[in-house]
Protein chains: 2
Amino acid sequence: MSLEKFFKPRSVAIVGASQQPGKVGYEILNSMIDAGYEGKIFPVNHKAQSIAGLKCYPDLASIKQSCDLVIIVVPAPVVPEIIRQCAKAGTKAVIIITAGFKEVGKDGREFEKQVTSIARQSGIRIIGPNCLGVIAPSSKLNASFGGDLPLTGVIGYLSQSGALLAAILDIANASNIGFSKLVSIGNKADIDELDIIKAFAEDKETKVIAGYLESITDGNAFVREAEQISHNKPILLMKAGGTAAGAKAASSHTGSLAGSETAYEAVFARAGIIRCTSIRQQFDYAQALAYQPLPKGAAVAVITNAGGAGIMAADAVERQGLTFAKLAEKTVEKLASQLPAAANLYNPVDVLGDALADRYEFAIDVVLDDPGVNTVLVLLTPQAMTDAAGTAKVVVKTARKKPDKPVLACFLGADKVEAGLKIFLEGKIPHYDSPQKAVSAIKVLTDYFRWRSKPKRVVKLFPVNRRKVETIVDRHLRQGIRDIGEAESKEILEACGFVTPKGFIATTAEQAASIAGQLGYPVVLKIWSPDILHKSDVGGVKIGLEESQEVMDAFDLMMYRIPKKLPNAKILGVLVQQMCTKGKEVILGMKRDPNFGPLMMFGMGGTMVEVLKDVSFYLAPLTPEEAKQMLINTKTYQMLKGVRGQQGVDIDVIAEGLQRLSQLVTEFPQIQEMDINPYMVGPKGSTPIAVDARISVE
Amino acid sequence: MSLEKFFKPRSVAIVGASQQPGKVGYEILNSMIDAGYEGKIFPVNHKAQSIAGLKCYPDLASIKQSCDLVIIVVPAPVVPEIIRQCAKAGTKAVIIITAGFKEVGKDGREFEKQVTSIARQSGIRIIGPNCLGVIAPSSKLNASFGGDLPLTGVIGYLSQSGALLAAILDIANASNIGFSKLVSIGNKADIDELDIIKAFAEDKETKVIAGYLESITDGNAFVREAEQISHNKPILLMKAGGTAAGAKAASSHTGSLAGSETAYEAVFARAGIIRCTSIRQQFDYAQALAYQPLPKGAAVAVITNAGGAGIMAADAVERQGLTFAKLAEKTVEKLASQLPAAANLYNPVDVLGDALADRYEFAIDVVLDDPGVNTVLVLLTPQAMTDAAGTAKVVVKTARKKPDKPVLACFLGADKVEAGLKIFLEGKIPHYDSPQKAVSAIKVLTDYFRWRSKPKRVVKLFPVNRRKVETIVDRHLRQGIRDIGEAESKEILEACGFVTPKGFIATTAEQAASIAGQLGYPVVLKIWSPDILHKSDVGGVKIGLEESQEVMDAFDLMMYRIPKKLPNAKILGVLVQQMCTKGKEVILGMKRDPNFGPLMMFGMGGTMVEVLKDVSFYLAPLTPEEAKQMLINTKTYQMLKGVRGQQGVDIDVIAEGLQRLSQLVTEFPQIQEMDINPYMVGPKGSTPIAVDARISVE
């Protein structure tokens, strides 16, 4: 969908234009005129003949031509009628600035419904209502009351908060940061965040997409499209507020471990979106992404005229998980040939306090040539001889000469380095006011390159007995039972190719002992009741039973004690099960996010998982690489590989288990939450066992 | 020690004063004159008659009076002679600006030694050499070449990097941040960081102590004194670079888990020092600490005119581990009485986009009165009607009226909020350019209050058989054996009141089986060799042996296999030991930091500890509260308390074990590293067992 009429209209009507300063209808008209808009402006106000020297029209019809864009600032109750007039006049793009719609309650919601319904029938696209407007500097269009027209730049910005957009504009204008377009999306009655992001993706003026969001309208579409777009243009988002899903009571380990932010983190990781926590940080990252190439690796070299600043940068490099480049011998020799004897020739390269621009130029040039260096960070503190402007010039010059590696700068100081900062701005070298912030930007560049370099996502499919799964799920749904019991949960898992331990239900102690004898010792006893989900909490699990007497004792104790604790639980018997004694316990799980779909979880198994919280999440469906990465993202992974003389377990079968689970929950959207816990995994080549499982459907 | 002569000298001589711009001797003289210093300035230079209108002296003797302060800028080889002249003239305070001392090698080190030796003999105190100088705005003293005299303020600043200090000055001057004193400590030949910190602690003009350090001269004294001082004045430090200790190869779990930063983190936690990672962050925190009271709790209330900004603050509050204040019913009612209907009356209180100063004033006033609110954060974004200056004025006014709770502000924007920021600066309301930064400052205030409110540290002492420990330790030292074997390590533990499992050495398989029979099954077999520290790595540990045949098999396998793997290890036999099967495994450990002494460690036990890294560190000697806190700081703590129907273990005996260990390593500085791993702990009232231990001495 093209939003060109919003960004490059040839004519604009302002319905509700006013001659009274302070009124929104005045401010918007003023913004349009001040910005130097070169198309036609038609103020619409039936009470005035002319406003700000422009002829004023009583209504849209009397303009006698179709305006490309109509901006509406009249009160909400009148807006549906204006949209009807737009339809008649043939206008296809409307910005509704007016507030008082769905955000204020029932009446407003009704107006908003009318507006969207009329618009949909007549092919009108709407930005807003309850928004600040649209700005497109290259068209000299400031259809907003957010502030002065900013510089033309390469950042496309969208904001779900108008108030924040005003602050963003003010900060950007003070820092000479430019934009391709800015859009305040307001209530998103029609055009939503994804429409704007897609428009920015296609927009030639936009190199970086940035925004502030509080909610996402269509989670699935968002993930799918944003992932595509991130391969071409970086997306930087501030996301405030948790999801409603976080508040729901959880019925599984996975459910209780997935915090309100987990889904967004998984979505952003999958779609390559870079998350920001403040306006200035977002600009910091945007500058680097807009103007510098992506580094091919994580090795950072630092050039400084002050040891202390170099150490601070080195600390930050280590803390951020980047690597400190080891300079090649040839590089060190070359540096030695021209730098003073006291200079430090290793990373961080210290060109000393009396360094002038030429010494910096030489060092940057030599270090950029080192094949082991991916990114160069230039630091400077103002000392007696320091030439901030001259040094900035050589940074710009040298970086341009070698455009395949990113160069960033941090000149510590204020007035004494200001002349340098201006040169950086013009020369498109991103500048940061602390070594830490510069290193954070390098980290973002590095991670984004890594994300873009990932192989294409190909999900592997496994055979599933769909009929069997369907039968069990449907019966539970029909009967209104949310939680599927252990036995049928395991049947579902078996239908997906998982192996579960053998076991049978006993209703008497003697029968339990007899089953145990047939299965072979040791065995586990588990209470069997549709009403008891967390069996171990009520003493409903007894492991490691070695002989018939122990089995009978455990059976009778459960039958005696549990009804006392839970008098209303329907107890069907006790499951006598083979006990898996060899291998390590992990947990595979899933929790469905209402907006983004199934969130897969992997972690250390057993009851420890909720204590240690060593878990990782990712959005289904999983590719083999993503499943493996979920393992690697936990500390448990080191243990699974084998530590200190202990044999490791079969990593690949765990990853395969995650993929099978991912496929199950993707194919059966009825499944809301599930855990396989523990999933018992042995050494390479052995068969993993799904020892216990719970599945909830809705 | 008073450093008054450095900060309030009545007369200053500059040895090496120069009339040539660009020279340090010129810059310093210029700085002194520009700052408007009111005492006498004596330039010393035998080549000039007068400099900058001041009479010039060929040497110190010809001044014919003793100067309070002498600043030396002549080359290093001449400096010892100048110090001799200072001694003769009776000067007691000297700043050596000159570089070229110990930082450049052997010759320089020799000059520095001479200088300190002469100074010590004659009672002269020295700042430097290789430093930027000293600044004291209230005395109009700028004895430095770092930049213009800053404003008079309440921050006392010390820096180990001169170059960084110049940047700090430049940033502070541009942001109108003032100082009580600034000291560049250079090579710390005489006066070191602790001397300056102590002087600032006693200085009435200084309310906040801040600094940048790369090393600490006397770790023990630093911890002791800084802890005292932090109870009266906050200390904010940037610390760059890791410790040398981190590079040493570790011989214990504790050793390998203690990173290069662990010691500093423990020192800062113990001494209440607030760690900063950048200059601007340090100023951010200093402003809050200097001008606001400490909050009595973690509950934060936010007042905003923009929903988005409020949500961002709320997210930050949650992320930082603070609590979002729940406003009292009375507060909500009162807010409702005057705020517009659409306003949000709950935290964050949204006074709406059209709020003027009066609405803010009312809301701040009401919210500050809520007893459940500890800190108030005022947010503003510039909107159509917004009055940044007026709003800032009422923030200042209301905060002054209720001086017992901190009030901080964040006005998002630049030019449109600038007038407000000036009012905040004058009104001493700390202002931040993002909600995140404001919340970080609140976190610092809250943590610092918590630290100051801790009860006095009282270490509990336990009976120790010192003779027994001494005998074992001394013999190892005499024989040059670093690692004490398991048997003697346990004897040491027993001397401190720990209980260890019974066990005996067997040299034949039959003997092993016979010992096992006497101890009772199950037993553990462990290879017995002074040369094998990590027994399980070489298959030297076999647990859970249930009968004599298993014991004999395990014995023979070890005797056959281990000499093949480690042909040079001297094998003395196999330890047959009772096996503790009940309880949870934890690890208690210690690693001695060369500068700060014993660092205690607690974590989850077994081989998992190095994988999961769920450990906490603290400086010995431990108080009972600190020992307990070390447990609470790990995730393992939740597990130890008991999860999901599992019984918990005796938390207090673990904390006691840490204290016993802390006492042992405090009393025996020869012990370099040690682990008790696993330390097996059962339910309340049971006796914990030190199952395995290793101790290294030096």
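Reading the values: rules and limits
Residues numbered from 1 in each chain as written. Chains lettered and ligands numbered in written order. Predicted model: local features only at pLDDT ≥ 70, side-chain atom pairs only at ≥ 80, totals over all residues. Heavy atoms only, no water. Helix = DSSP H or I, 4+ residues; strand = E, 2+ residues; numbered from the N terminus. Buried < 20%, exposed > 50% of the residue type's maximum accessible area, 1.4 Å probe, protein only. Contact = heavy atoms within 4.5 Å. Lys, Arg positive; Asp, Glu negative; His and termini not counted. Charge placed at Lys NZ, Arg CZ, Asp CG, Glu CD. Pairing = 2+ DSSP bridges. Axes fitted to C-alpha atoms, helices over the stretch in contact; angles between N-to-C directions. Patch = residues over 30% accessible without salt bridge, like charges linked within 9 Å, V, L, I, M, F, W, Y side chains within 5 Å. Areas by Shrake-Rupley, 256 points an atom, 1.4 Å probe, with all protein chains shown as cover. Salt bridge = Lys/Arg side-chain N within 4 Å of Asp/Glu carboxyl O. Domains from an automatic or database assignment. Arc of directions from axis to C-beta. Core = buried A, V, L, I, M, F, W, Y, C linked by side-chain atoms within 4.5 Å. Buried area = accessible area lost by both parts, 1.4 Å probe. Polar contact = N/O pair within 3.5 Å; in protein donor to acceptor, adjacent residues only side chain to side chain. Least-squares fit on C-alpha atoms with pLDDT ≥ 70 in both. Parallel < 35°, antiparallel > 145°, perpendicular 65-115°, else oblique. Nonpolar A, V, L, I, M, F, W, Y, C, P; charged D, E, K, R; others polar. Left-handed = near helix turned anticlockwise from the far one by under 90°. Phe/Tyr/Trp six-rings, centres within 6.5 Å; stacked < 30°, edge-to-face > 60°. Lys NZ or Arg CZ within 6 Å of the ring centre and 35° of its normal.

Once that is clear, we can look at the overall build of chain A. Along the backbone of chain A there are 24 helices and 30 strands. By its C-alpha atoms, chain A is 100 × 80 × 40 Å across when sized along the principal axes. Across the 698 residues of chain A, 59% fall into the buried class. Taking all contacts inside chain A whose residues are at least 6 apart in sequence as the whole, residues at least 24 apart take part in 72%. Taken as two groups, the 80 positive and 74 negative side-chain charges of chain A have centres that lie 4 Å from each other.

The next point concerns the sheet that holds strand 22 (residues 523–528) of chain B. Residue and element names in this part refer to chain B. Here we have four strands laid out as an open sheet, ordered 21-24-22-23, and antiparallel in their pairing. The open sheet has two edge strands with one neighbour each: strand 21 (503–506) and strand 23 (541–545). Along the sheet, successive strands turn relative to each other by an average axial angle of 20°, direction set aside. Two elements, strand 22 and strand 23, share three bridges in a ladder whose sense is antiparallel. Residue Val-523 lies in a different strand from strand 23, and its bridge partner there is Leu-545. Taken strand by strand, helix 18 (residues 486–495) contacts strand 22 and strand 24 (573–578), and its axis lies near 115° from that of strand 22. The sheet contacts of helix 20 (residues 548–565) involve strand 21, strand 22, strand 23 and strand 24, and relative to strand 22 the element is tilted by about 20°.

With that settled, consider a positive patch on the surface. Together, A:Lys613, A:Lys635, B:Lys613 and B:Lys635 make up a positively charged patch on the protein surface. Within the secondary structure layout, B:Lys635 lies in the loop between helix 22 (624–632) and helix 23 (636–641).

This paragraph deals with the domain arrangement of chain A. Parsing chain A into structural domains produces domain 1 (4–214), domain 2 (293–453), domain 3 (466–578) and domain 4 (584–697). If you average the C-alpha positions of domain 1 of chain A and of domain 4 of chain A, the two centres end up 48 Å apart.

On to helix 2 (residues 24–34) of chain A. Residues and elements named next belong to chain A. All of the buried residues in helix 2 are Gly-25, Ile-28, Leu-29, Ser-31 and Met-32. The arc that holds the buried residues of helix 2, viewed along the axis, is 155°, so those residues lie on one side. Packing partners of the buried residues in helix 2 comprise strand 1 (11–15), strand 2 (40–44), strand 3 (50–51), strand 4 (54–55), strand 5 (69–72) and strand 9 (141–144). Of the residues trailing helix 2, Gly-36 is marked for its positive phi of about 85°.

Residues A:Tyr157, B:Tyr157 and B:Leu377 are the most contacted members of the largest nonpolar core, which totals 112 residues. Once residues within four sequence positions are removed from consideration, A:Tyr157 is found in contact with A:Leu165, A:Ile168, A:Phe179, A:Lys181, A:Leu182, A:Val183, A:Phe200, A:Ala210, A:Gly211, A:Tyr212, A:Met238 and A:Gln282. In this structure, A:Ile676, B:Tyr618, B:Ala627 and B:Met639 belong to the second largest nonpolar core, which totals 92 residues.

A few words now on the interface of chain A and chain B. You'll often see interface size given as the accessible area lost when the parts meet. At the interface, 61 residues of chain A touch 61 residues of chain B. A buried area of about 4,900 Å², summed over both sides, lies between chain A and chain B, and 60% of it is on carbon and sulfur atoms. For the pair chain A and chain B, the number of links is two salt bridges. With a closest N to O distance of 3.4 Å, A:Asp433 and B:Arg280 form a salt bridge. Linking chain A with chain B are 15 residue pairs in polar contact (both at pLDDT 80 or more). Where the side of chain A that touches chain B is concerned, the elements lending two or more residues are helix 5 (162–174), strand 13 (235–239), helix 10 (279–291), helix 11 (307–319), helix 16 (435–452), helix 21 (609–612) and helix 23 (636–641) of chain A. Examining the composition of the side of chain A that touches chain B, we find that seven residues originate from one element, helix 5 of chain A, more than from any other.

Overlaying chain A with chain B gives an RMSD of 0.1 Å, the required rotation being 180° about an axis along which the chain moves by 0.1 Å. This pairing of chains is accounted for by a two-fold axis. By C-alpha distance to the rotation axis, the residue of chain A lying nearest is A:Leu612, at 4.4 Å. In this assembly, 100% of the residues forming the interface of chain A have copies in chain B that are likewise at the interface, indicating an isologous arrangement.

What follows deals with unusual backbone geometry. Keep in mind that most residues, glycine aside, have a negative phi and that most peptide bonds are trans. Residues and elements named next belong to chain A. With omega at -5°, the peptide bond leading from Tyr-521 into Pro-522 counts as cis. Of note, Pro-522 is situated in the loop between helix 19 (509–519) and strand 22 (523–528). Looking along the chain, the bond that leaves Ala-620 and enters Pro-621 is cis, with omega of -5°. Positionally, Pro-621 belongs in the loop between strand 27 (615–619) and helix 22 (624–632).

The next point concerns the side chain of B:Gln292. Residues and elements named next belong to chain B. Summarising the element assignment, Gln-292 is placed in the loop between helix 10 (279–291) and strand 15 (299–304). A distance of 2.8 Å separates a polar side-chain atom of Gln-292 from the backbone nitrogen of Val-407. Among the polar contacts made by the side chain of Gln-292, one reaches the main-chain carbonyl oxygen of Lys-428 at a distance of 3.2 Å. Ignoring any residue separated from it by four or fewer positions in sequence, one finds Gln-292 in contact with Gln-287, Lys-405, Pro-406, Val-407, Lys-428, Ile-429 and Pro-430.

Residues and elements named next belong to chain B. The N-to-C vectors of helix 3 (residues 79–89) and helix 4 (residues 106–122) enclose an angle of 5°; their axes lie 9 Å apart at closest approach. Regarding the angle of helix 3 to helix 4, the classification is roughly parallel. Note on element contacts: helix 4 touches helix 3 through Phe-111, Gln-114, Val-115, Ile-118, Ala-119 and Ser-122, opposite Val-79, Pro-80, Ile-83, Arg-84 and Ala-87. Grouping the amino acids of the contact of helix 3 with helix 4 by side-chain chemistry returns eight nonpolar, two polar and one charged.

Before going further, it helps to spend a moment on the sheet that holds strand 13 (residues 235–239) of chain B. All names here are of chain B. The strand order 9-8-11-10-12-13-14 describes an open sheet built from seven strands, whose pairing is mixed. Two strands close off the open sheet at either side, each with one partner strand: strand 9 (141–144) and strand 14 (274–276). Going from strand to strand, the sheet's axes swing by 20° on average, the running direction of each strand aside. In this structure, strand 10 (residues 152–159) lies alongside strand 11 (residues 179–184), joined through six bridges in parallel fashion. Across the sheet, the residue bridging to Gly-156 is Lys-181, located in strand 11. Contacts from helix 5 (residues 162–174) reach strand 8 (133–136), strand 10, strand 11 and strand 12 (208–213) within the one sheet, and its direction differs from that of strand 11 by about 160°. Across the sheet, helix 6 (residues 193–202) lies against strand 10, strand 11, strand 12 and strand 13, angled at about 165° from strand 10, the strand it touches most.

Here we come to the environment of A:Phe145. Relative to the assigned elements, A:Phe145 resides in the loop between strand 9 and strand 10 (152–159). By relative accessible area, which is 23% here, A:Phe145 ends up partly exposed. The spatial distance from the C-alpha of A:Phe145 to the C-alpha of A:Val586 is 55 Å, given a sequence separation of 441 residues. When near neighbours in sequence (up to four residues on either side) are disregarded, A:Phe145 contacts A:Val24, A:Glu27, A:Ile28, A:Ser31, A:Ile97, A:Cys131, A:Leu132 and B:Ala384.

Glancing now at the packing of helix 22 of chain A against helix 24 (residues 651–667) of chain A. Residue and element names in this part refer to chain A. Between helix 22 and helix 24, the shortest axis-to-axis distance is 9 Å and the interhelical angle comes to 115°. Judged by the sense of rotation from one axis to the other, the crossing of helix 22 with helix 24 is right-handed. Contacts from Pro-624, Ala-627, Lys-628, Met-630 and Leu-631 of helix 22 reach helix 24 at Ile-651, Asp-652, Ile-654, Ala-655, Leu-658 and Gln-659.

Residues and elements named next belong to chain A. Burial analysis of strand 22 places six of its six residues in the buried class, the great majority of the element. The sheet contact formed by strand 22 and strand 24 (residues 573–578) spans six bridges and is antiparallel. Within strand 24, the position partnered with Val-523 by the bridge is Gln-578.

Moving on, we come to helix 3 of chain B. An α-helix turns once every 3.6 residues. As a result, residues three or four positions apart point the same way. All names here are of chain B. Within the span of helix 3, buried status applies to Val-79, Pro-80, Ile-82, Ile-83 and Cys-86. Seen end-on, helix 3 carries its buried residues on one side only, within an arc spanning 160°. Summarising the contacts, the buried residues of helix 3 are in contact with strand 1 (11–15), strand 5 (69–72), strand 6 (93–96), helix 4 and strand 7 (125–127). Following helix 3 by one or two positions, Gly-90 has its phi on the positive side, about 85°.

Residue and element names in this part refer to chain A. Summed over the entire model, instances satisfying the criterion amount to 16 aromatic pairs over all chains. For the ring pair Tyr-264 and Phe-596, a centre distance of 5.2 Å and an interplane angle of 80° mean the geometry is edge-to-face. With a gap of 332 residues between them, Tyr-264 in helix 9 (residues 262–271) and Phe-596 in the loop between strand 25 (584–593) and strand 26 (597–604) connect regions that are remote in the sequence. Counting every residue linked through ring pairs, the aromatic cluster contains Tyr-157, Phe-179 and Phe-283. Cation over ring: Lys-239 sits above Tyr-264, and NZ or CZ is 4.2 Å from the ring centre.

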